[in-house]
Amino acid sequence: MTRLLGSAHIKTLAREESVRGVLVRMVIEQAEDADSDEMVLLEKALQLLLTRFQALEGNAS
Amino acid sequence: MILRSVELESFGKFRGQTVEFRRGVNLVIGPNEAGKSTLAEAVPAVLFGTDRLERFKPWGRNSCSAALIFEGQGRRVQVKRNLITDEVELLEKDDLYHTLSQFSGKVPLRGRSASCREYLALLDSLLGVADESLFKATYFFGHHPQEWSGEELSQKLRTLVSGSAETDYAEILDDLLDEHFQLTRSNPWGRDKQRDREYEELCQQLAQQDGTEEAVPIFVELDASADIEAQIEKLVGEFENDRQEHEKGLRYIEQVRQQKVESSESTVSTEAKVLPEDKKISTSDVARPDDVARPDDAPPPDDVSLSEQLLAAGLPKNPPRELPELLSGAANIRQELAAMQQPFSFLNNREKKIPKVPWGALIGISVALAAGAAIAWLQNFYFLQLLLGAGVCSALLLGWGGWLHVSRNKALAECRKERSRLDQKKLEVQKRQAELSERCEALGLPSSAIDLVRLQKMVDVHRDLLARWWKQDNAPEEDIESPHVESVGSHNTAGDYDNTASDHDAITSDHDAIDSDEEDSADEKRSINVEETDQELLELESLLAEFEAGLKEKESRLQELRLQLNDLSTARRSKGGNPGTVQHQRKYELEERIAVLRKAVNLLAGAVDEFGRSHLVQLNNETSKLFRKITNGRYPAIKLDENMAPSIQVDERRWMPVEQLSRGTVDALYLTLRIALAKVRDDGRTLPLMLDDPFVHLDQKRLAATLNLLDLASADGQLILFSHNLDLGKRAARERWHVVPLDGDAVNTTSDEGGDHAGQLHLL
């Protein structure tokens, strides 16, 4: 799980000037002060959100 | 960067053809089915891959490949892709055809391999975009629905700012909330739902089974533990600071005590030394007042300068004249702050003592009475009497509860009022303290309370030295009495010392008189110093005792919080950590899922808010500017709310939602929003804007204004328009746009011999 936040994909997304980019930046920022439990929760939430973004795109196309 | 050319080796209906573009506006014109959209979609397909290969693969052939060439900033980037195998070659060269970077590998759409990451990172660094959806959302203007409603437009805009071509963040938010409320009725963002959901039902089942489980959502406790952790963190910081201050204070008091002992010893030795000489002391032996006051370690005045003496005495090198006034102010502030601790502590105790209303017990008793009455009705046993009795009892109990509630609220309100008054007073004192600290800092003096107390002590001991310093400065002498000295009484003789000191050299002829005067004043001063030190010690000790009490209170609160946190985590482990049955396991899974859903909702809502704060104002301004131009000033501004619903300003005070506007106006608005969005997102690596027939509903006048606007927007970059409108062709000829004509059968490209002007000549 801890690999998600350090991945190149996340770093790329964090540069976006979009709601998704802001979201990823917020998660990275919160992860800096998070303990291990909070970190797991953050990563799961981020994974869920990115999957939803991706899933809706898939449905639409 | 601009898109210099698209090489279509085998793509859709194109075979072995090259379409060239140039900076500024490019018009790709042709009838329906001429391949305009295919050409437009070749760009993202080559850059990122596609999942609609069948659309682009030429019929009857087993190859499908194309290449894009971008140019700009002295570099040329070529991206070539075989769409069947997803093999990609990327080559970056400089003006002298030196290779700067290159990549070759398999990169399918949404691939996650190492080579995909490498390629996307390279693409991101070269073109500023590494995501197909973002590229489409930013630079692509495709066909859109024929009928726009306000909500559709808002939805489209939300999609665009979401960061992908097809995803509306509001839809995701709704989905997450739906899923959340399918699992639990508990609502952390508002009122709970009425009907129990899976989680509550499961909790009830477990409670019935073993009677230990409570239908209390575990995440409530999680939130509480987060709060407690935050409180502990804050308190630990405060406690550590206070502890350090306390230690400093203890050290300082110890130092003052030592000085007092040394001072009393030196007094005894001086008296012993003076008395046997029977008052026959020569002028050179007469102790000047400053010598009397000088500590043992201070150097004699003859050997060192006054400022060095000041330094040696622990005073500032250049003490300002405001020093006594500042120290007096600081002492007052300290006293006021210390005096305020007691009312606060009293108020806390008072608040704790206000009784809570036992609503649970009262309602429980009322329900029990009602149940008793119901049973009596069923059994037909004195029903009316029992009902009346139960009603009266319930009413009395509830009335008593209400009275308690009102009294409690009243008492709490009084406490709040008192607290706010005290807070206000404390704030004022703290403000004065901050001002004083600023003044101290501006004068190069220490500003902490402990340092100021220390300085006060030094000033008291060395005030003669200070008087000499200020006198030497040729300024009017000031009273340097400390507040402690004032409190001792008006018999202080600092002024006398100064007079004695200043006249000392002039009165050598009258030795005896002066000797006598100076000895008297020195003795008097010693006794005053001892008194001052005693008083100061007492004051400091009382201050320190109060401080210590506060410290102990904080320590006990910290311990209490740690215990609470420990209890919570123990409870959490005992509930969640022991799966036990399948139901326990399911409950644990539900709790975890609910926690993740809540976090996701909070994150997404936070991101939307943050995006609104950071980008919406800029987007509104940019769009308003462009829309004003397109509508020739008819609509001066537009405004997007937090749901991306646009309103248009129709006059100075009136804003109109887009539903009430014509389709042409809404189309124009959409277009301006897209251009504004691309500008807001632009980070200097501008890619071409690609517009696929976006002007269907614009009238001639608005079309002209829009085209002017696009012309302006493309001044620093590149715009590629795809259209079947022949009128645009005429305008292209007038405006000297670059034209790429397509017909239904073959492609008339500019090829490589036409250069930048070939397209115009072809159309003409």
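The following paragraphs examine the structure supplied in this document.

Thresholds, definitions, all that
Residues numbered from 1 in each chain as written. Chains lettered and ligands numbered in written order. Predicted model: local features only at pLDDT ≥ 70, side-chain atom pairs only at ≥ 80, totals over all residues. Heavy atoms only, no water. Pairing = 2+ DSSP bridges. Helix = DSSP H or I, 4+ residues; strand = E, 2+ residues; numbered from the N terminus. Axes fitted to C-alpha atoms, helices over the stretch in contact; angles between N-to-C directions. Buried < 20%, exposed > 50% of the residue type's maximum accessible area, 1.4 Å probe, protein only. Phe/Tyr/Trp six-rings, centres within 6.5 Å; stacked < 30°, edge-to-face > 60°. Lys NZ or Arg CZ within 6 Å of the ring centre and 35° of its normal. Contact = heavy atoms within 4.5 Å. Buried area = accessible area lost by both parts, 1.4 Å probe. Salt bridge = Lys/Arg side-chain N within 4 Å of Asp/Glu carboxyl O. Polar contact = N/O pair within 3.5 Å; in protein donor to acceptor, adjacent residues only side chain to side chain. Core = buried A, V, L, I, M, F, W, Y, C linked by side-chain atoms within 4.5 Å.

### Remarks on the sheet that holds strand E9 (residues 638-640) of chain B
Residues and elements named next belong to chain B.
Working step 1: Spatially, three strands are ordered E9-E10-E11 in an open sheet, and the strand pairing comes out antiparallel. Only two strands of the sheet have a single partner each, and these edge strands are E9 and strand E11 (655-657). Pairwise comparison of adjacent strand axes, ignoring direction, gives a mean angle of 30° for this sheet.
Working step 2: Pairing of E9 with strand E10 (residues 646-649), which is carried by three bridges, proceeds in the antiparallel orientation.

### Some thoughts on the pairing of strand E14 (residues 738-741) of chain B
Residues and elements named next belong to chain B.
Working step 1: Side chains His738 and Val740 of E14 all project onto a buried face; the interleaved residues Val739 and Pro741 project onto the opposite face, where all are buried too.
Working step 2: Judged from the four bridges that link them, strand E3 (residues 24-29) and E14 form a sheet pairing that is parallel. When the bridges of E14 are listed, Ile29 appears paired with Pro741.

### Observations regarding the packing of aromatic side chains
Residues and elements named next belong to chain B.
Working step 1: For the structure on display, the rule yields six aromatic pairs over all chains.
Working step 2: Ring geometry for Phe11 against Phe56: centres 4.8 Å apart, planes inclined by 15°, an arrangement best described as stacked. Of this pair, Phe11 sits in strand E1 (residues 2-11) while Phe56 is found in helix H2 (residues 53-56), placing the two residues 45 residues apart along the sequence. Note on accessibility: Phe11 and Phe56 belong to one class, buried.
Working step 3: Relative to Tyr635, the ring of Phe627 has its centre 5.8 Å away and its plane inclined at 15°; by these criteria the two rings are stacked.
Working step 4: Above the face of the Phe181 ring, Lys193 is positioned so that its terminal group lies 4.7 Å from the ring centre.
Working step 5: Above the ring of Trp655, the side-chain terminus of Lys639 is found at 4.4 Å from the ring centroid.

### Some points on the interface of chain B and chain A
Working step 1: Taken together, the 39 residues of chain B in the interface contact 30 residues of chain A.
Working step 2: In total, chain B and chain A occlude about 3100 Å² of area from one another, counting both sides; carbon and sulfur atoms represent 66% of this.
Working step 3: Put simply, chain B and chain A have three salt bridges between them.
Working step 4: For B:Lys599, the salt bridge goes to A:Glu38, with nearest N and O atoms at 2.7 Å.
Working step 5: Our count for the chain B to chain A interface comes out at three residue pairs in polar contact (both at pLDDT 80 or more).
Working step 6: Elements that contribute at least two residues to the side of chain B that touches chain A include exactly helix H3 (114-127), helix H4 (132-139), helix H5 (150-162), helix H6 (169-183) and helix H19 (582-630) of chain B.
Working step 7: In terms of residue count, H19(B) provides more of the side of chain B that touches chain A than any other element does, 15 residues in total.

### A look at the nonpolar core
Working step 1: Ranked by internal contacts, the top residues of the largest apolar core, which has 82 residues, are A:Leu46, B:Phe695 and B:Leu721.
Working step 2: Considering every element that reaches this core, the biggest residue donor is H19(B), with 16 residues.
Working step 3: Counting 46 residues, the second-largest nonpolar core is a separate cluster that includes B:Cys64, B:Tyr119, B:Val129 and B:Leu687.

### Regarding unusual backbone geometry
For residues that are not glycine, phi is negative in most cases, and the peptide bond is trans in most cases.
Residue and element names in this part refer to chain B.
Working step 1: If you check the backbone angles, Glu33 has positive phi at about 65° while not being a glycine.
Working step 2: Among the structural elements, Glu33 can be located in the loop between E3 and helix H1 (36-48).
Working step 3: What makes Glu33 exposed here is its relative accessible area of 70%.
Working step 4: Located in the positive-phi region is Asp86, a residue other than glycine, with phi close to 60°.
Working step 5: Considering the arrangement of structural elements, one finds Asp86 in the loop between strand E5 (75-82) and strand E6 (87-94).
Working step 6: On the basis of relative accessible area, Asp86 is assigned to the buried category, the value being 13%.

### Examining the pairing of E1(B)
Working step 1: Of all ten residues in E1(B), seven are buried; the element is thus mostly enclosed.
Working step 2: The antiparallel pairing of E1(B) with strand E2 (residues 14-20) of chain B creates a hairpin that spans two residues between the two strands, and B:Gly12 there sits at a positive phi of about 60°.

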